[in-house]
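So the chains spell out like this:
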Amino acid sequence: MGARNTLQIPVILSCILLFGAILTTSLEVGYYKKCKFCPQAEDIVRGVVYKYVSKEPGLGAGLIRMFFHDCFVRGCDASILLDPTPQNSNPEKLAIPNFPSLRGFEIIDEAKAALEHVCSGIVSCADIIAFAARDAAFILGKISYDIPSGRLDGKVSNATEVLGALPAPFHNLTVVKALYAVQGLSIDDAVALSGAHSIGRSHCSSFTSRLYPTIDTTMNQGFGSFLRTQCPQNAMDDGVVPQDFVTPNKLDNQYFKNVADLKGLFFSDWSLLTSSETAKLLNDFKNDPELFKTKFAESMVKMGNIGGTQGEVRKTSCRVVNY
Ligand code: HEM
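Going along each chain's sequence as written, the residues are numbered from 1 onward. pLDDT decides what is reported in this predicted model: residues at 70 or higher carry local features, side-chain atom pairs at 80 or more are listed and counted, and totals for whole chains, interfaces and linings draw on all residues regardless. Where side-chain values are given, they derive from all heavy atoms of the structure, hydrogens and water being excluded.

## Re the overall build of the chain
Note the following rule: Under the scheme used here, helices are H or I runs from DSSP no shorter than 4 residues and strands are E runs no shorter than 2 residues, and both carry numbers assigned from the N terminus. Each radius of gyration reported is based on C-alpha atoms, and the globular scaling rule is 2.2 Å times the count of residues to the power 0.38. Exposure classes here rest on a 1.4 Å probe applied to the protein chains alone. A residue is buried below 20% of its type maximum, exposed above 50%, and partly exposed in between. Only heavy atoms matter for contacts: two residues are in contact if any of them lie within 4.5 Å across the pair. Methods summary: accessible areas were calculated by the Shrake-Rupley approach with a probe of 1.4 Å, and residue burial reflects only the protein chains presented. Neither His nor the chain ends is counted toward charge; the positive residues are Lys and Arg and the negative residues Asp and Glu. Charge coordinates come from a single atom per side chain, which is NZ of Lys, CZ of Arg, CG of Asp or CD of Glu.
For the chain, the helix and strand inventory stands at 14 helices and 2 strands. By the compact-globule yardstick of 20 Å for 323 residues, the chain fits well, its C-alpha radius of gyration being 20 Å. For the chain, the spread of C-alpha atoms along the principal axes amounts to about 70 × 45 × 35 Å. For the chain, with 323 residues in total, the buried portion stands at 51%. Residue pairs in contact within the chain that sit at least 24 positions apart in sequence constitute 73% of those at least 6 positions apart. As displayed, the chain has an accessible area near 14900 Å², and 59% of this comes from carbon and sulfur atoms. Side chains of the chain give 31 positive and 32 negative charges; the mean places of these two sets differ by 3 Å.

The following block contains the structure:
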């Protein structure tokens, strides 16, 4: 009994400190379990993510991308989830890099509804995104890691902040490196996280500037000719292609093989070959799938630490701020 009490003291202290997260503290693995606010939180999210992603793997890609797009703009604060309102008609989710391509919102909605049912007002939407991305990485890549939690949800979401914060497919390595550095992430993180381009899809409009009027010399010419058949010039609608034609639903190191073969979709993918530092890491990941998995997990955790913990836990829906 005495021993149990002694053990509980640090946990309680840590929970009290975490309550003070509104001030400064860092995130904690197992936050909802340790503090007994909602011990089943991570299991609930996992169940919902499994339900959707096992049926449609592309949605798992959407969740991983959602985490990235959330964290790079105002930190990991679920600002990506807020819907337009009369007071704020232009939130992040309507910005060009997010609309209409970002997907998986319905999974977050369902997870939030399930959580509200059992422990209302406890689990932040920002943590739901972080858990969901982690679970998607496991389902699609057997990549397993603990993700610290205790994030709070932001109250501000502004589409005008998105373009300047996110790397674009036409950016060169210097720009990509600078945008990661702003977030406290290294170029090694950039290379590891780019491995996410081994799953999911891209709209043709994200890379057709590399196909017409001529196929970019930085692209394998045969691959470029093939992409032209998938994305005809002046097509009526914006088609989609897999990011990785070899193992489209597996989060694996195939991306690095593709880039080395000049078969990455984006100029930014190719740009990873343009410094000896990034080219070496790319080659290491290409040759060592386990090394990629380890570094990808580490960089996802690091990305999850971006941003302050100022804010609230949204009530009922992740799409609206509390009154
Ligand atoms: C230089 C950095 C990056 C650039 C320029 C970039 C750009 C893009 C673009 C243009 C698309 C296609 C969107 C579309 O047209 O539908 C895309 C898709 C995707 N990106 Fe990135 N990305 C970058 C880094 C990342 C990172 C760090 C992650 C996550 C760790 C990520 C995960 C994904 C995923 C999973 C998809 C597929 C989404 C889906 O199928 O719904 N990307 N990216």
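## Focus: the state of the cysteines
To keep it simple, the criterion reads: Cysteine sulfurs are considered disulfide-paired once they come within 2.5 Å of each other.
Counting across every chain of the model gives 4 disulfides. Here cysteine 71 is linked by a disulfide to cysteine 76, with a sulfur-sulfur distance of 2.1 Å. Because the sign of the S-S torsion sets the handedness, a value of about 115° for the bond joining cysteine 71 and cysteine 76 places this disulfide among the right-handed ones. With a relative accessible area of 4%, cysteine 76 lands in the buried category. Between the sulfur of cysteine 204 and that of cysteine 231 lies a disulfide, 2.1 Å long from S to S. Here the S-S torsion is close to -70°, and the disulfide linking cysteine 204 with cysteine 231 is therefore left-handed. Residue cysteine 204 is found in the loop between strand S1 (201-203) and helix H10 (221-230), and its partner cysteine 231 is found in the loop between H10 and strand S2 (240-242); the two are separated by 27 residues along the sequence. The exposure classification of cysteine 204 matches that of cysteine 231, with both residues buried.

## Details of the packing of helix H3 (residues 41-55) against helix H5 (residues 105-118)
Formally: For helices, the axis comes from a line fit to the C-alpha atoms of the stretch in contact; other axes are also lines fit to C-alpha atoms, and the angle between any two N-to-C directions lies between 0 and 180 degrees. When the near helix sits turned anticlockwise from the far one by under a right angle, the crossing is termed left-handed; a clockwise turn instead gives a right-handed crossing. Only Asp, Glu, Lys and Arg are considered charged, only Ala, Val, Leu, Ile, Met, Phe, Trp, Tyr, Cys and Pro nonpolar, and every remaining residue, Gly among them, polar.
Interhelical geometry of H3 versus H5 gives an angle of 145° and a closest axis separation of 9 Å. As for how H3 packs across H5, the hand of that crossing is right-handed. Residues Ala41, Ile44, Val45, Val48, Val49, Lys51 and Tyr52 of H3 pack against Glu106, Ile107, Glu110, Ala111, Ala114, Leu115 and Val118 of H5. Of the residues belonging to the contact of H3 with H5, the class tally is 11 nonpolar, no polar and 3 charged.

## Considerations on helix H4 (residues 57-71)
Short version of the rule: Multiplying 1.5 Å by the residue count of a helix minus one yields the expected span of that helix.
When the terminal C-alpha atoms of H4 are compared, their 22 Å separation across 15 residues agrees well with the 21 Å that a helix rising 1.5 Å per residue should span. With 13 of 15 residues buried, H4 is to be regarded as a mostly interior element.

## Section: the UniProt feature "binding site: heme b" (unreviewed entry) in the chain
For clarity, the threshold we go by: UniProt positions are given in the numbering used here, feature names are shortened, and annotations may be inferred rather than shown by experiment.
Mapped onto this numbering, the UniProt entry annotates "binding site: heme b" (unreviewed entry) at His197. By the secondary structure assignment, histidine 197 is in the loop between helix H9 (187-194) and S1. Each residue touching histidine 197, except ones within four places of it in the same chain, is listed here: Gln243, Asp244, Tyr255, Phe266 and Asp269.

## What about the packing of H4 against helix H6 (residues 125-141)?
As a reminder of what qualifies: In these notes the angle categories are as follows: under 35 degrees is roughly parallel, over 145 is roughly antiparallel, 65 to 115 is roughly perpendicular, and the rest is oblique.
One can describe the packing of H4 onto H6 by two numbers: an axis separation of 8 Å at closest approach and a directional angle of 140°. Classified by the angle their axes make, H4 and H6 are oblique. Considering only the axes of H4 and H6, their crossing is left-handed. Mapping the contact onto sequence places Pro57, Gly60, Ala61, Leu63, Ile64, Met66, Phe67 and Asp70 in H4 and Ile129, Ala130, Ala132, Ala133, Ala136, Ala137 and Leu140 in H6.

## A few points about the packing of aromatic side chains
Quick note on the threshold: Only Phe, Tyr and Trp rings are paired, with Trp represented by its six-membered ring, and only when their centres lie within 6.5 Å; those with planes under 30 degrees apart are stacked, over 60 edge-to-face, the remainder tilted. Note on criteria: charge over ring means Lys NZ or Arg CZ within 6 Å of the ring centre, with the direction from the centre no more than 35 degrees off the ring normal.
Under the counting rule described, the total for this entry stands at 13 aromatic pairs. Between the aromatic rings of phenylalanine 292 and phenylalanine 296, the centroid separation amounts to 5.6 Å while the plane-to-plane angle is 50°, which identifies the pairing as tilted. One end of the pair is phenylalanine 292 and the other is phenylalanine 296, both in helix H14 (residues 289-304) and 4 residues apart, which spans about a single turn. In this structure phenylalanine 296 comes out as buried when scored by relative accessible area, which is 0%. In this structure, lysine 93 packs its charged tip against the face of phenylalanine 105, placed 4.6 Å from the ring centre. Lying over the aromatic face of phenylalanine 138, lysine 142 brings its terminal NZ or CZ to 5.0 Å of the ring centre.

## With respect to the layout of surface pockets
In plain terms, the rule: Using protein atoms alone on a 1 Å grid, points that fit a 1.4 Å probe yet trap it form a cavity, whereas open point sets bounded by protein on both sides within 12 Å along at least five of seven lines form a pocket; residues with an atom within 4 Å of a point count as lining. Grid points are joined across faces, edges and corners, and a volume is the space filled by probe spheres set on the points. The domain boundaries here were taken from an automatic or database domain assignment.
Approximately 1200 Å³ is the volume found for the largest pocket. If you go around the largest pocket, you meet 48 residues; those closest to its centre are Arg65, His69, Pro169, His197 and Phe266. Taken together, the elements giving at least two residues each to the lining of the largest pocket come down to H4, helix H8 (173-182), H9, S1, helix H12 (267-271) and H14. For the lining of the largest pocket, the element with the most residues is H4, which contributes 6 residues. Looking at the lining of the largest pocket residue by residue, the classes come out as 26 nonpolar, 15 polar and 7 charged. When residues of the lining of the largest pocket are assigned to domains, at least three fall in each of domain 1 (2-166) and domain 2 (173-302). Of the voids in this model, the second largest pocket is the one considered here, and its volume is about 340 Å³. Along the walls of the second largest pocket sit 16 residues, with Thr85, Gln87, Val320, Val321 and Asn322 positioned nearest its centre.

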